[in-house]
Amino acid sequence: MKKLLRYFSPFEWTLWVGSVLAITLAFVLGGDFLIWTLIASLIGVTALIFLAKGNVIGQVLVIIFSTLYAVASFKQRYFGEMITYLGMSLPSALVACVSWLKNPSNKGVSEVQVAKMTGKKWIFLSVSAVAVTVLFYFILRFFHTNRLLVSTLSVTTSFFASTLMIFRSPAYAVAYAFNDIVLIILWTLSCFTSLAYLPMVVCFFAFLCNDSYAFINWRKMQRLQNE
């Protein structure tokens, strides 16, 4: 326990505790107690604080979060979110687990070795993102997905983030921050039908804060590793 307490900085503990309290409060105020939305949100925000440290435990938690979040998305007919997290985020987290375990930093296995993006990787990522976006647009339209354009944009940002995470690039956090903004819009629209989805809005606000910190910390990790 003492080792865990020392592992996170005071700021990281404050960020995590504040995120947990905000999400839990939103859940209570939501009225309709949908326990799976609360559990998914808490697991998700916990995953992010580990990811910000470059710890592979975060990837394991992402796998659990992706499953629960897919259930929440299915119930709201956000098939784009469901397909994205089950068909992309979850498998990507599995691949990232392997990649991170194979590439620990010199400090040990608790921190992944940060990698630099090359021009070829950016070209591959950009071309793949266009193809995935077009493909998912027609898939989501076929399933009559609610708010089609926003859901499609979420697929694009999620693809960038998931792939950059496999590449071990700090830019993954920037892509996830854009994805958080898209999802804040998506779930805010759902709140007009039921406040039970308010925790998901607060969840992605907390995600946005955590992803912003993750980018800063990964750049710091990269600098220290290079030194």
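Owing to the predicted nature of the structure, the values given are computational and were not obtained by experimental measurement. (Residues numbered from 1 in each chain as written. Predicted model: local features only at pLDDT ≥ 70, side-chain atom pairs only at ≥ 80, totals over all residues. Heavy atoms only, no water.)

J.: Would you mind going over the packing of helix α8 (residues 171-191) against helix α9 (residues 198-226) with me for this structure?
T.: Each packed pair of helices is defined by two parameters, the angle between the axes and the distance between the axes. Interhelical geometry of α8 versus α9 gives an angle of 170 degrees and a closest axis separation of 8 Å. Taken together, the axes of α8 and α9 lie roughly antiparallel to each other. Taken together, the residues of α9 that come into contact with α8 (itself represented by Y172, A173, V174, Y176, A177, D180, I181, L183, I184, W187, T188 and C191) are L198, M200, V201, F204, F205, F207, L208, D211, A214, F215 and W218. Its residues placed into classes, the contact of α8 with α9 shows 20 nonpolar, one polar and two charged. (Axes fitted to C-alpha atoms, helices over the stretch in contact; angles between N-to-C directions. Helix = DSSP H or I, 4+ residues; strand = E, 2+ residues; numbered from the N terminus. Parallel < 35°, antiparallel > 145°, perpendicular 65-115°, else oblique. Contact = heavy atoms within 4.5 Å. Nonpolar A, V, L, I, M, F, W, Y, C, P; charged D, E, K, R; others polar.)

J.: Which parts of the structure should I look at to understand a nonpolar patch on the surface?
T.: A contiguous nonpolar surface patch, about 350 Å² in accessible area, is contributed by V174, F178, I181 and I185. Here I185 lies in helix α8. When its relative accessible area of 44% is taken as the criterion, I185 is described as partly exposed. (Patch = residues over 30% accessible without salt bridge, like charges linked within 9 Å, V, L, I, M, F, W, Y side chains within 5 Å. Areas by Shrake-Rupley, 256 points an atom, 1.4 Å probe, with all protein chains shown as cover. Salt bridge = Lys/Arg side-chain N within 4 Å of Asp/Glu carboxyl O. Buried < 20%, exposed > 50% of the residue type's maximum accessible area, 1.4 Å probe, protein only.)

J.: Teacher, can you tell me more about the pattern of salt bridges here?
T.: A side chain of one charge can pair with a side chain of the opposite charge when the charged atoms of the two come close. Evaluated as defined, the whole model comprises one salt bridge. Between E12 and K53 there is a salt bridge, and its shortest N-O distance comes to 3.3 Å. Here E12, found in helix α2 (residues 10-30), pairs with K53, found in the loop between α3 (35-52) and α4 (57-75); they are 41 residues apart in sequence, far enough to count as distant.

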